[in-house]
Amino acid sequence: MFKKINLWLVIFFYFFSFHVLSIDNNSLVIDLYKNHKCIHGDFIQTTQYNDNSEFIQKGKFYIKRPNKIRLELFSGNDQIVVYDGECINQYDISLNQLIIKRIDGCYFSFIFLDHNLNKILKVNKYEERDNCVLVSADFLNFDMGFREINLVLLDTFIHRISMVDVFDRVISIDFLNVEFDGLLSDSFFELILPDDVEIINM
């Protein structure tokens, strides 16, 4: 299930790359990074299984406000994932397969529309340490497949996202070499696909 990039990774990239988090009455308070239009850098996704084995994937991310994301995933399962404000387009290079997931038809569509994490998360820990902030929250229901999420912020930017799923597997995402702003044209967030690609609409 987690040996390929999943939709939740895209969703949490969308939120946490442009948001600062604080706590107010056990709920998340979100403010946009209004001074930054683009963010890009590297990430490492590590999945820890119940038998103590690990699966590690590396990639690059590019985000442009208001609603553009491009993820490039390497390490054996090479994929390109593009979010264009309406759909998540997930292209598996080895399978030559494109999966298209429309956001407005998903039960989590309010996340993209409302920017409201309080509907799905309840904070149980918020701790400040110098330039580091630790946040831990529980999912209000398990429909999304996760029980818990932990965040590490360094200088107000998310350094690590760690999620525990309903099977007690831990999926961690570490952000590296993060740069703000720069020039990213809209065309960079368009997928160029071969003519014989298999398309699956979900």
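So, here's what we can say about the structure. Only a predicted model underlies this, so the values are computations on that prediction, with no experimental measurement involved.

Some points on the overall build of the protein
Here comes step 1: Broken down by element type, the protein carries two helices and 14 strands.
Here comes step 2: Here the protein holds 202 residues, and 47% of them are scored as buried.
Here comes step 3: Pairs at least 24 apart in sequence give 47% of the contacts found in the protein among residues at least 6 apart.
Here comes step 4: Carbon and sulfur atoms form 49% of the exposed surface of the protein, whose accessible area is close to 10300 Å².

Re the nonpolar core
Here comes step 1: Phe-61, Ile-149, Leu-151, Ile-161 and Phe-175 are the most contacted members of the largest nonpolar core, which totals 28 residues.
Here comes step 2: Grouped together as the second largest cluster of nonpolar side chains are six residues, Tyr-62, Ile-80, Val-82 and Phe-189 included.

Describing a nonpolar patch on the surface
Here comes step 1: Nonpolar side chains collect at one region of the surface, where Phe-142, Val-166 and Phe-167 lie side by side and expose about 300 Å² of accessible area between them.
Here comes step 2: Tracing the chain through its elements places Phe-167 in the loop between β12 (157–165) and β13 (170–180).

Overview of the packing of aromatic side chains
Here comes step 1: Tallying each qualifying case throughout the model produces four aromatic pairs.
Here comes step 2: For the pair Phe-61 and Phe-175, a centre-to-centre distance of 5.6 Å together with 85 degrees between the ring planes defines the contact as edge-to-face. Linking Phe-61 in strand β4 (residues 54–64) with Phe-175 in strand β13, this pair joins segments that are 114 residues apart in sequence. Summarising the burial analysis for this pair, Phe-61 and Phe-175 share the class buried.
Here comes step 3: Ring centres of Tyr-62 and Phe-188 lie 4.7 Å apart, and the angle between their planes is 75 degrees; on these two criteria the pair is classed as edge-to-face.

Reading guide: rules and limits
Residues numbered from 1 in each chain as written. Predicted model: local features only at pLDDT ≥ 70, side-chain atom pairs only at ≥ 80, totals over all residues. Heavy atoms only, no water. Helix = DSSP H or I, 4+ residues; strand = E, 2+ residues; numbered from the N terminus. Buried < 20%, exposed > 50% of the residue type's maximum accessible area, 1.4 Å probe, protein only. Contact = heavy atoms within 4.5 Å. Areas by Shrake-Rupley, 256 points an atom, 1.4 Å probe, with all protein chains shown as cover. Core = buried A, V, L, I, M, F, W, Y, C linked by side-chain atoms within 4.5 Å. Patch = residues over 30% accessible without salt bridge, like charges linked within 9 Å, V, L, I, M, F, W, Y side chains within 5 Å. Salt bridge = Lys/Arg side-chain N within 4 Å of Asp/Glu carboxyl O. Phe/Tyr/Trp six-rings, centres within 6.5 Å; stacked < 30°, edge-to-face > 60°.

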